Each structure stands twice: as structure tokens, then as C-alpha cells.
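# What the coordinates show
The residues making up each chain are set out below.
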Amino acid sequence: MAINGEYPLDPKCYEIVGEIGSGVSAMVYKAKCITNSSIVAIKSIDLDQSRSDLDTIRLETKTMSLLSHPNILRAHCSFSVGRRLWVVMPFMSAGSLQSIISSNFASGLPETCIAIVLKETLKALCYLHDQGHVHRDVKAGNILVGYDGVVKLADFGVSAPVYDINFDSRLKEIAGTPYWMAPEVIHSHNGYGVKADIWSFGITALELAHGRPPLSHLPPSKSLLFKITKRFRFSDYDSHSSNHNKKFSKAFKDMVGLCLHQDPTKRPTADKLLKHVFFKNSHKTCDFLVKNLLVGLPTVEERFKASNKMVRGDETGLFERQRRVSGWNFNFEGFQMDPVYPGAARLSNNNDTNKASCSKDKEEMMFNSALSKRVRFRADLVIPCKRLDLDVFSSSSASPALSISTPTEEQEATPLGGDGSGGVETTKEEQLMEVVDRLTRELEQERRKNKELLAEMEFLKGVLHASP
Amino acid sequence: MKGLFKSKPRTPAEIVRLTRDLLVQFDMGSVRESKREEKMVELSKYIRELKCVLYGNSEAEPVAESCTQLTQEFFKENTLRLLINCLPKLNLEARKDATQIVANLQRQQVQSRLIASDYLERNIDLMDILMTGYENTDMALHYGSMLRECIRHQVVAKYVLESEHLKKFFEFIQLPNFDIAADAAATFKELLTRHKSTVAEFLTKNYDWFFAEYNSKLLESTNYITRRQAVKLLGDMLLDRSNSATMTKYVCSRDNLRILMNLLRESSKTIQIEAFHVFKLFAANQNKPADIANILVANKSKLLRLLGELKTDKEDQQFDADKAQVMQEIASLEPKELA
């Protein structure tokens, strides 16, 4: 591999081989550098569409080019091509852990493999944190594996994804990546500290163990949606019976439990976590990954094509995944996270198996009222995007789109109540949000029906004209 | 073994002196080849220690008294010059540490004086070295960061603004390497916005050549990023109250208007919006020269249509209000007799 080879700052020197990832404002290509014959990945960011301003992007690429660690993906170079910024990076042929899982390990990876990849990831976090950086987006989609089993953490900042090839990447640009977010991040706008990475690291561990992050799997049926909001606890992974048979070591569960402490100060530092028995006992190397993880894996390009089909076939999924969660409770026995839903806490606190002390209840209320800030913030971001998405399907989307945003704006106007009244407001808000969610889904269904009818009509017309 | 002879922790001033001694040796090239690696490790270690004093670490917050001691000792002699000179010889981690140290020192006060500023005033030629960074891919981001920190001081910014260096920025901003070009653009922006009175004076004195270069090299660049940054910065400069004299002059030029109208027609929404913030000044000017007014009149319907369609992604009441005002102004314009 040409490690020290020069990478030219000219698009003509790269030959695009194929597409391996896409997002709202970025594409990722596999390409060949003509001057040194190496294979690279090129992230092409549309600067005019990207949510980030140039200064943010500058700081991100600068940070990236000044980092030097075997477990961190470093860019070779970046340069502008018209309105787009090309970031040239090493090509990690096995792709992200997320795509490896969704292609070959739907119900999660074996624990030995998890230990190896998490250990490598943790080394990267140690380095980053030591440098005073916070990654902010640790998750399986950002952990890449090379042909030789080398593990690298990628994707700094939130401007655009690398290799993140299921539709998470599309969501991410809209609203961040909620499933991995630490409670203190969800509940404040400036809560990112190094300990937030540790939380996301814990969620990532669960993601690797079960095949997906907690609560990512929410089926679109209304009845279930209703059930979820009415219940305090809902074991996200219950629906996958295969997981019941899975056994994880006590060391693993303990390690994850430490990461998922609600109080960030009680979570271990990356350095300390690396000394945990779970990692101390992991001596297997990258070769082990090659033999156990990478065998029989479709290429990144093939996986991208497959996932693209999935995205297009399942547009409603996009909406479902935007359900909000106000917090998490780590369930040690079941080795999973139990989500806490905004507003739901007070409804069924009593039949909760955990001891819900008064102070905890209060804390939850604070959670909820704090969350509602975030929710609105998110709704604000989500809705314009839906409008964009809908435009693709129909040309007359203006008025229905407006009707979506109206309830949200009303919510915006509702002032946040104090300690006591906050809870009530949240419930009301929650209901409103549900209405918005439901309407959005219904609208989407109507649109699709409409489109199908139109297509059918066109088809029939064609038949009519064709017949003599 | 080490533990047995562990001496009491070194004072910040001692660490500065040890660092300086090693820097002197490296600077003069008097380090024997066999000792080189060992001494470099030692130097990197001291530099890391200095950083820890200034920034603290995971266990401790920085102590004001220690920071003061360090700063005083640092600027008592030529440590900064040595550090800048030796930077290319350091490894990546030590370079980053050094850059952070230099950044921090610019903000440290000793007896409520920024002694870094006094030092730089006496050693202003250091800026010449830092400026060369942009021509060296390896050093650009380190020297660039240091430079940007140094121009926090008004005397330093004034020096760079009035030096020949400023002209080089027009080239650096367009370098193909995005990291370096963007860093140069950030410094350029800092130079032209941070110290209001210095900037106002500079723009007044250098109006002709500066805006000729600015228009042709930046606003009419073929590089999207350059145009986008330049039109944004132009808006920032002209809308600043302290630059009102420059603004008044700028909006009376036909050539400037032509360039802005072209930017307003770009396919990039971001550039269009930024261009509008400058264009509105031409339209809002109550003492429009006849030729400016006539251009606007001649393009009245096209402009009104274009502005009518121009919308921000997020709701922006100020933008909408400005736009309405500009459109009204243009709609009401009548041709003027050329003076």
C-alpha cells in the first residue's frame, strides 16, 4: 500500500470506480488514484447543501489531518471540485461494522470479535480524548474495517457520513444520530464532553451485540406506536427471539454498564476503560477478524447497492426512526437498554420493576421537560426535510407540507413550564407530536397511493393509445 | 529505579528553562547525531509538560500562579523565536502541543499586561517566518494557527495588514489544498474584521489596490469556495459601522455593482444570499450616482423577479424585511439624467 505516496489535489488524477455511500449532501466513492495506483475512498460533500458552514468544515478537516493514530482514519488530502469538497481517504475495503452486521450478522457479532473491535476503537478514543477532541458520533457505522482486519474510527463532526450506508446516514444529516446520544447530550445543547463519547461507545457495544442500537427498530403500525407510548418500559430487543439465546460474558455486561451510567462523571475515562478486564482478556488480533468477520462478506459496493434498494423500498421507515426517546435505563440482566419515553414516565411508574424513588421520578420529570426543548428543536429540523423528501414524490406538496408544520409551530410557541407544570406540558406536547407523526405518515401513504394511481392511469392511457 | 530518585516536581519556570536549553541546541544544530533521538524525546516531554501547566489535564485544572510564572519565564528570553524556528524539526504531536502553547500564551496576563504583545512588538519579524508557513504543506496549519493567535494583538495585526504579506493572502486563499487555503482565509478574515479602527484606517488608505485585487482575484475567482468566502467577508466588512466611509465609496462604483449583480445570479443559493447582503447597500444608498441608478432601472424587471424568488432556507425575518425594502426601492426608481 502506498502510505507515503503523494496524493494529487486534482480530480483528474482519480478514477471513480463505484459508489459506496450516500447522504443528503455527500456521496462516498471508491476510486483509484492514477498517479500512485492506490485505491482510495473519496467523500464528496456538496458545500452548498451541507448544513455546516465552511468554518465548521474547515475545523473538521483540519482536525482530521492533524491526527495521527493507527486506529483513526486520516484523510490523505482534501480539495474543492466546483461546489463540492473532495476528501480523499484510505479505502477500508470491509466497510463499516454497521454494514458488516446488516449484511452478514443481522443478530449481532460474536463476543470475541466485539472485544477486538471495541478495544481498537477505544484506543482511538484514548488518543482523541488525550488531544482534547470529542468524537461526538461513535457508532458502528463509523467504525471501519480494512481488508487486513485493521479497525479505524472515522467521521469527525456531523457534517456528513463516511461509508455509513443505510438510511441512518440520511437521518444523521437531518437530526444527528439520536440512538447513540448520551442523556446529557439529549438534554442540553452544549453537553458534549468526552464522557458523551463513552456513552455512545456503550451503545455501540449493544449495537454490535444485538445487531442494532436500542430502539432503532420501530415498526410502523399505529397500534404498536400507541402501546409503546403508553408503557414506561419496552424491551426493544424482545421482538427478536434469536437474541434470547445469546449469552454474553459478565465482563462484557459489566463494561457496558459502566459506560451507560446516567451520570457522566461516574462513567470511566477511555484510558481507564481500556484496563477493564473485558479488554485485558482480549488478546486476539486483526487476523482473527479476517477469519471470522470478513469471510464471505459482499464487497462494499455490493452492500451499498443492496442497502440502496432497501431505502427506496421502505420510505415510511424513515419517519418511524424519528421517534424520540427521553432517556435510557440500562437493563443489566437482559443486557439491553430500556428506553424512557417522554411523558410516559408518570403514567405507569407503579408497575415498573425498578425502584422508582421520588427523586428519580423528579429527575425523570426534569428529563422530560428538558427533552421537550430538544424535541422541538428536532421537529423543527425534521419537518423541512420531509418537505424536501416529499417533493420528490409529488409536485404539489406545498399545502400539505404546511399543514405538517403548523402544529409544530404552535408547539414552538408554547412556553416551557416550571418544575411542576413542565410534566403536563410535556404530555400535551407529546400528544401533539404524535398527531404530527401520525399525520405525516398518513400523508405519506396518501401520496404514495396517489402516485401509484397516477402511474396506473398513465399506463392505462398508454395501453389505450397503443390499441388500434 | 526512577521512583527512588524522584525529585520534587519541577517549577513551571524550570520546565521553560529546560525546554529553552534544548531548543538552543537544536536551533544551532549542535546536537550530536547519536544523541538526537534521545534529546528530541526529552524536548517533546517538556513541551507536553508546558502544555499541561497551561491547560491542565484530566486530573487538574490549570493554576493561575503557575501560568503566570511560565509566561514570565517564557518571554524573558527568546523562547518563542526558538520554538518557531525549531518547529519543523519536531514531531507531529510536539508541533501540536507547541501550537497550543503559543495560542494560550497570547492570552496570559502578567500584572494585567499581555506580555506576549510586548514581546511580539519587539520581535515583529517572527510574523515573516509564520507567513512562510503557507508555502509549506507540512508547516502551514501549525504556523497558520500561531499567526492567527498572534494577530489578536492590534500591533501585530497592523504590521501584517500593512506589510507586503497581505497581498500574498490573495494567492494563499486559492491554493488547491483545502486545509491550507481555508486556514489562510480564516486568517485573512481575522485580519480584516478583528481590530475595527486599524481595519478602517487600512481600508481607507489602501482602498484602490485592495478592492481591485479583491474584486478580480476573489469575487471573480473561478473557485467556488473563494467566491463564497469573499462575498461573505465583503458583507461583514461593509456592514460594519466603523467602515462606513469605505462602504459609501464601494457602493458608488458601477464595476462593483456589476460584480455583485453577477454573484446574485449564481446558481449557488448560499452565494446568492450573501451577495444580496452587499447588493442591498447599493440599492439602499439614498445618494445613488446616476449611473448606478440607471443600471438598476435598466434591469428593474429582471432584478425584481430574481429577488422575488430569492428565499432563505430557514425563516429569516430580517432578510425578508430587507428584501421587501430593496424591492420597493428598485420598483420606485426612475431613470436619472447623467451628470
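The rules behind the values
- Residues numbered from 1 in each chain as written.
- Chains lettered and ligands numbered in written order.
- Predicted model: local features only at pLDDT ≥ 70, side-chain atom pairs only at ≥ 80, totals over all residues.
- Heavy atoms only, no water.
- UniProt positions renumbered as here; feature names shortened; annotations may be inferred.
- Helix = DSSP H or I, 4+ residues; strand = E, 2+ residues; numbered from the N terminus.
- Buried < 20%, exposed > 50% of the residue type's maximum accessible area, 1.4 Å probe, protein only.
- Areas by Shrake-Rupley, 256 points an atom, 1.4 Å probe, with all protein chains shown as cover.
- Contact = heavy atoms within 4.5 Å.
- Buried area = accessible area lost by both parts, 1.4 Å probe.
- Salt bridge = Lys/Arg side-chain N within 4 Å of Asp/Glu carboxyl O.
- Polar contact = N/O pair within 3.5 Å; in protein donor to acceptor, adjacent residues only side chain to side chain.
- Pairing = 2+ DSSP bridges.
- pLDDT = per-residue confidence, 0-100.
- Axes fitted to C-alpha atoms, helices over the stretch in contact; angles between N-to-C directions.
- Phe/Tyr/Trp six-rings, centres within 6.5 Å; stacked < 30°, edge-to-face > 60°.
- Parallel < 35°, antiparallel > 145°, perpendicular 65-115°, else oblique.

In the annotation of an unreviewed UniProt entry, the entry for chain B reads MO25-like protein, and the organism field reads Chenopodium quinoa.

Per an unreviewed UniProt entry, the recorded name for chain A is Protein kinase domain-containing protein, and the organism is Chenopodium quinoa. As stated in UniProt under Sequence similarities (unreviewed entry), the record for chain A gives "Belongs to the protein kinase superfamily. STE Ser/Thr protein kinase family. STE20 subfamily."

## Some remarks on the overall build of chain A
If you tally the helices and strands in chain A, you get 16 helices and ten strands. Per-residue burial for chain A yields a buried fraction of 56% across its 468 residues. For chain A, the exposed area adds up to about 20600 Å²; of that, 57% sits on carbon and sulfur atoms.

## Some thoughts on the overall build of chain B
Helix and strand counts for chain B come out as 20 helices and two strands. Per-residue burial over chain B gives 51% buried out of 339 residues. Across chain B, every contact between residues at least 6 apart in sequence was considered, and the portion connecting residues at least 24 apart equals 71%. Looking at chain B as shown, the accessible area adds up to about 16500 Å², and 50% of this sits on carbon and sulfur atoms.

## Digging into the interface of chain B and chain A
Accessible area lost upon the coming together of the parts is a frequently used measure of interface size. At the junction of the two partners, chain B supplies 25 residues and chain A supplies 23 residues. For the pairing of chain B and chain A, the buried interface totals around 2100 Å² over both sides, and the portion due to carbon and sulfur atoms is 51%. Summed over the three residues of chain B that lose the most area to chain A, namely Phe178(B), Tyr224(B) and Arg228(B), the buried surface amounts to 26% of that side. At the junction of chain B with chain A, the criterion picks out one salt bridge. Among the ionic pairs, Arg48(B) bridges to Asp130(A), the shortest N-O distance being 3.4 Å. Linking chain B to chain A there are 16 residue pairs in polar contact (both at pLDDT 80 or more). Broken down by secondary-structure element, the contributors of at least two residues to the side of chain B that touches chain A are helix H2 (33-55), helix H5 (92-105), helix H8 (140-150), helix H11 (178-193), helix H14 (224-238) and helix H17 (269-284) of chain B. Of the residues forming the side of chain B that touches chain A, the biggest block, five residues, is contributed by H11(B).

## As for the pairing of strand S2 (residues 26-33) of chain A
Residues and elements named next belong to chain A. The element S2 is extensively covered by neighbouring structure, given that seven of its eight residues are classed as buried. In this structure, strand S1 (residues 14-22) lies alongside S2, joined through seven bridges in antiparallel fashion. Bridge assignment links Glu19 to a residue of S2, and that residue is Tyr29. Where S1 hands over to S2, the hairpin turn is made up of three residues, counted between the paired strands. Pairing of S2 with strand S3 (residues 39-46), which is carried by seven bridges, proceeds in the antiparallel orientation. Looking across to S3, one finds that Val28 is bridged to Lys43. If you look at the hairpin formed by S2 and S3, you'll find five residues sitting between the two strands, and Ser37 has a positive phi there, around 60°.

## Let's talk about the side chain of Asn223(B)
Tracing the backbone through its elements, the reader meets Asn223(B) in the loop between helix H13 (207-219) and H14. Residues within four places of Asn223(B) in sequence aside, it is in contact with Ser80(A) and Gln174(B).

## Thoughts on the confidence of the model for chain A
All names here are of chain A. A residue-level look at chain A finds 55% of positions with pLDDT of 70 or above and a mean pLDDT of 68. Throughout residues 312-327 the model reports pLDDT below 50, and contacts reaching past four residues in sequence, or to other chains, amount to 58 contacts. In this model residues 342-426 is a low-confidence stretch, pLDDT under 50, and it forms 121 contacts with partners more than four residues away in sequence or in other chains.

## Notes on unusual backbone geometry
Residues and elements named next belong to chain A. Residue Ser37 is not a glycine yet carries a positive backbone phi of 60°. Here Ser37 lies in the loop between S2 and S3. Positioned with a positive phi, Arg136 is a non-glycine residue whose angle comes to about 80°. Counting through the fold element by element, Arg136 comes out in the loop between helix H3 (111-130) and strand S7 (143-145).

## A look at the sheet that holds S2(A)
Residue and element names in this part refer to chain A. Strand order in this open sheet of five strands is S1-S2-S3-S5-S4, and the pairing throughout is antiparallel. Two strands lie at the open edges of the sheet, namely S1 and strand S4 (77-81), each paired on one side alone. Averaged over all adjacent pairs, the angle separating strand axes in this sheet is 30°, with direction ignored.

## Description of the packing of aromatic side chains
For any pair of aromatic rings, geometry is given as the distance between the ring centres together with the angle between the planes. All names here are of chain B. In total, this model carries 27 aromatic pairs over all chains according to the counting rule given. Measuring from centroid to centroid gives 5.4 Å for Phe74 and Phe75, while their planes differ by 70°, and the two rings are edge-to-face. For Phe74, a relative accessible area of 1% translates into the label buried. Judged by relative accessible area, which is 6%, Phe75 ranks as buried. When the ring of Tyr134 is compared with that of Phe172, the centres are 5.3 Å apart and the planes differ by 40°; the resulting orientation is tilted. Residue Tyr134 is located in the loop between helix H7 (126-132) and H8, and its partner Phe172 is located in helix H10 (residues 165-172); the two are separated by 38 residues in the primary sequence. Exposure class is identical for Tyr134 and Phe172. Each is buried.

## Digging into the packing of helix H9 (residues 154-162) of chain B against H10(B)
The description of two helices packed together rests on the angle between their axes and the distance between the axes. Residues and elements named next belong to chain B. Closest axis-to-axis distance for the H9/H10 pair is 5 Å, and the angle between their directions is 75°. Taken as axis vectors, H9 and H10 run roughly perpendicular relative to one another. The residues of H10 that touch H9, namely those facing Tyr159, Val160 and Leu161, are His165, Leu166 and Phe169.

## Some details on the pattern of salt bridges
Side-chain pairs of opposite charge can arise whenever the charged atoms involved come near each other. All names here are of chain B. On inspection of all chains with the given rule, the structure shows 36 salt bridges over all chains. Between Arg148 and Asp183 there is a salt bridge, with the nearest N and O atoms lying 3.0 Å from each other. With Arg148 in helix H8 and Asp183 in helix H11, this residue pair connects regions lying 35 residues apart in the sequence. Take Arg148: its relative accessible area is 13%, and that puts it in the buried class. Asp322 is the partner of Lys280 in a salt bridge, and the nearest nitrogen-oxygen pair spans 2.8 Å. With Lys280 in helix H17 and Asp322 in helix H20 (residues 317-331), the pair connects residues that are 42 residues apart, well separated along the chain. We note that Lys280, like Asp322, is buried. Overlapping salt bridges bring together Arg17, Arg20, Glu73, Lys76 and Glu77 as one network.

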